[in-house]
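# Reading the structure
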Amino acid sequence: MTANYPGTRLRRTRATAWSRSLHRETLITPADLIWPLFVTEGSGVEDPIGSLPGVSRWSVDGIVARAKEAVALGIPVVALFPNTQPDRRSDDGAEAHNPDNLMCRAIRAIKDACGDDIGVLTDVALDPYTAHGQDGLLDKSGYVTNDDTVAVLVDQAINQAEAGADIIAPSDMMDGRVRAIRMALEMGEHHNVQIMSYAAKYASAFYGPFRDAVGSGGLLKGDKKSYQMDPANGDEALREVEFDIAEGADSVMVKPGLAYLDIARRVKDAFGVPVFAYQVSGEYAMIEAAAAAGAGDRDALVLETLLAFKRAGCSGVLTYHAPHAARLLNG
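Residues numbered from 1 in each chain as written. Predicted model: local features only at pLDDT ≥ 70, side-chain atom pairs only at ≥ 80, totals over all residues. Heavy atoms only, no water.

### What about empty space enclosed by the protein?
Selection rule: Buriedness of a pocket was judged along seven lines, with at least five required to meet protein on both sides within 12 Å; pockets are open sets of points on a 1 Å grid over the protein atoms alone, cavities are sets where a 1.4 Å probe fits but cannot get out, and lining residues have an atom within 4 Å of a point. Grid points are joined across faces, edges and corners, and a volume is the space filled by probe spheres set on the points. Under the DSSP-based scheme used, a helix requires at least four consecutive residues in state H or I and a strand at least two consecutive residues in state E, with every element numbered from the N terminus. Under this grouping Gly is polar, as are all residues other than the nonpolar Ala, Val, Leu, Ile, Met, Phe, Trp, Tyr, Cys and Pro and the charged Asp, Glu, Lys and Arg.
Inspection of every chain in the model, using the stated rule, returns two cavities of 30 Å³ or more. Roughly 100 Å³ of internal volume is contained in the largest cavity. Lining the largest cavity we find 13 residues, and of these Asp-127, Lys-201, Phe-210, Lys-224 and Lys-255 sit closest to its centre. Elements represented by at least two residues in the lining of the largest cavity include exactly β7 (194-201) and α6 (208-214). When its residues are assigned to classes, the lining of the largest cavity shows four nonpolar, two polar and seven charged. Size it by volume and the second largest cavity reaches roughly 40 Å³. Surrounding the second largest cavity, Glu-41, Thr-84, Gln-85, Arg-88, Glu-95, Leu-102, Arg-105 and Tyr-129 form its lining. Across the lining of the second largest cavity, the residue classes tally to two nonpolar, two polar and four charged.

The structure is reproduced here in structure tokens:
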């Protein structure tokens, strides 16, 4: 196609609000959002997280209230992450298998209060439960073992499914865990429980506030580079995604989000599956810091970054800005 000025003036369709709306290529709605929530012990507890301004840990009753808020705002899914108490953490992460742990109590409470009006996504990894802060079991050298960890993750996933989880989201990055979890779900007749795989999860510098929120940051011994991906690699992400789809993932996730929009686009183009991105804690905190410093309008920054995810091909976004964004989008 050949276009010439002045026969074609690209500014014509931008001249008025109604025309910009008519020609808009990318839309975001509250239905595109997943709201991550942090669960803590107690009753009536709202515990603000210093490194995540505006985000708190909530006791189970507060989590139920947030789930009801999500329903009212049109947010279809909440994602749960527990802040396990220090005395319940161990080297083997055994609390992950406790049917009455924080995660399971929160799942049951949300489903009792909201039923199928909202979906519950649950994290599968051992870092909220281990005394050493790693996502899996350690051998004598301190290396995170793969196959032994997968066996434990399967038990964790089934524990959550039996509590009522709708989407199991393994974030551990162990090889083969999606197939093992899918087989266990099928054998347990949890046929409609989805798996949203953290398929391309990078060893990122953007996770610090999250680790504060779940209480693992100060515990972490070493780093997670032997299982999370090298930020320099893109082709490897496609291999990870291909494996997880073949093993039974219903959808895949790219994490972090903004620094990896190219990965989200490549995954969508290569596989055509539902792709989600996690706008992680460090990304959230940067937006809040920029707004607080007067470096940008908070509302505009929130919506522009969410549009970037959608434009890159994402079906939805996990974001701590979900309730704020939903209110903006609802007018």
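### Quick look at the nonpolar core
Using the following cut-off: For this analysis, a nonpolar core means a set of buried residues of the types Ala, Val, Leu, Ile, Met, Phe, Trp, Tyr and Cys, connected via side-chain atoms within 4.5 Å. Three labels apply to residues, based on accessible area from a 1.4 Å probe with only protein chains included: buried if under 20% of the type maximum, exposed if over 50%, partly exposed otherwise in between. Two residues form a contact once any of their heavy atoms are found within 4.5 Å.
Grouped together as the largest cluster of nonpolar side chains are 74 residues, with contacts concentrated most on Val-78 and Leu-80. Sorting elements by how many residues they give to this core places helix α4 (residues 147-163) first, with eight residues. Excluding anything up to four places from it in sequence, Val-78 contacts Ile-34, Trp-35, Leu-37, Ala-67, Ala-70, Ile-110, Ile-118, Gly-119, Val-120 and Leu-121. Ranked by size, the runner-up nonpolar core spans 24 residues in total, among them Phe-38, Val-77, Phe-276 and Tyr-320.

### As for the environment of Ser-141
For clarity, the cut-off: A 3.5 Å cut-off defines polar contacts: any pair of N or O atoms within that distance qualifies, except that in protein one atom must be a possible hydrogen donor and the other a possible acceptor, and neighbouring residues in sequence count only when both atoms are side-chain atoms.
Within the secondary structure, Ser-141 is located in the loop between β5 (119-124) and α4. Taking C-alpha positions, Ser-141 is 45 Å from Ala-291, a pair spaced 150 residues apart along the chain. Among the polar contacts made by the side chain of Ser-141, one reaches the side chain of Asp-139 at a distance of 2.7 Å.

### Details of the packing of aromatic side chains
The condition that has to hold: The criterion for an aromatic pair is that two Phe, Tyr or Trp rings (for Trp, the six-membered ring) have centres within 6.5 Å, with stacked assigned to planes under 30 degrees apart, edge-to-face to planes over 60 apart and tilted to the rest.
Counted according to the given criterion, the structure contains eight aromatic pairs. Plain terms: the ring middles of Phe-81 and Tyr-278 are 6.3 Å apart, the flat faces sit at 45° to each other, and that makes the pair tilted. Of this pair, Phe-81 sits in strand β4 (residues 77-82) while Tyr-278 sits in strand β9 (residues 275-279), placing them 197 residues apart in sequence. When sorted by exposure, Phe-81 lands in the same class as Tyr-278, which is buried. With a centroid separation of 6.0 Å and an interplanar angle of 45°, the aromatic rings of Tyr-278 and Tyr-320 are classed as tilted. One end of the pair, Tyr-278, is in strand β9; the other, Tyr-320, is in the loop between β10 (316-319) and α11 (322-329), with 42 residues separating them in the sequence. We note that Tyr-278, like Tyr-320, is buried. An aromatic cluster of three or more residues is present, and its members are Phe-38, Phe-81, Phe-210, Tyr-278, Tyr-284 and Tyr-320.

### Re the side chain of Arg-211
Cut-off, in case you're wondering: Counted as positive: Lys and Arg. Counted as negative: Asp and Glu, with His and the chain ends omitted from the count. Each reported salt bridge corresponds to a side-chain nitrogen of Lys or Arg within 4 Å of a carboxyl oxygen of Asp or Glu.
With respect to the secondary-structure elements, Arg-211 resides in helix α6. Asp-127 provides the closest opposite charge to the buried, unpaired Arg-211, separated from it by 6.0 Å. Those residues in contact with Arg-211, other than ones at most four positions away along the chain, are Ser-216, Gly-217, Leu-220, Lys-224 and Gln-228.

### Some thoughts on helix α2 (residues 60-73)
For the record, the criterion: The span one expects for a helix is its residue count, reduced by one, times 1.5 Å.
For α2, built from 14 residues, the straight-helix expectation of 20 Å at 1.5 Å per residue is met to within 8% by its first-to-last C-alpha distance of 20 Å. Listing the buried residues of α2 in full gives Val-60, Gly-62, Ile-63, Val-64, Arg-66, Ala-67, Glu-69, Ala-70 and Leu-73. Its buried side turned inward, α2 meets β1 (33-39), β3 (56-58), β4, α3 (102-114) and α11. In the stretch just after α2, Gly-74 is the one whose phi turns positive, near 85°.

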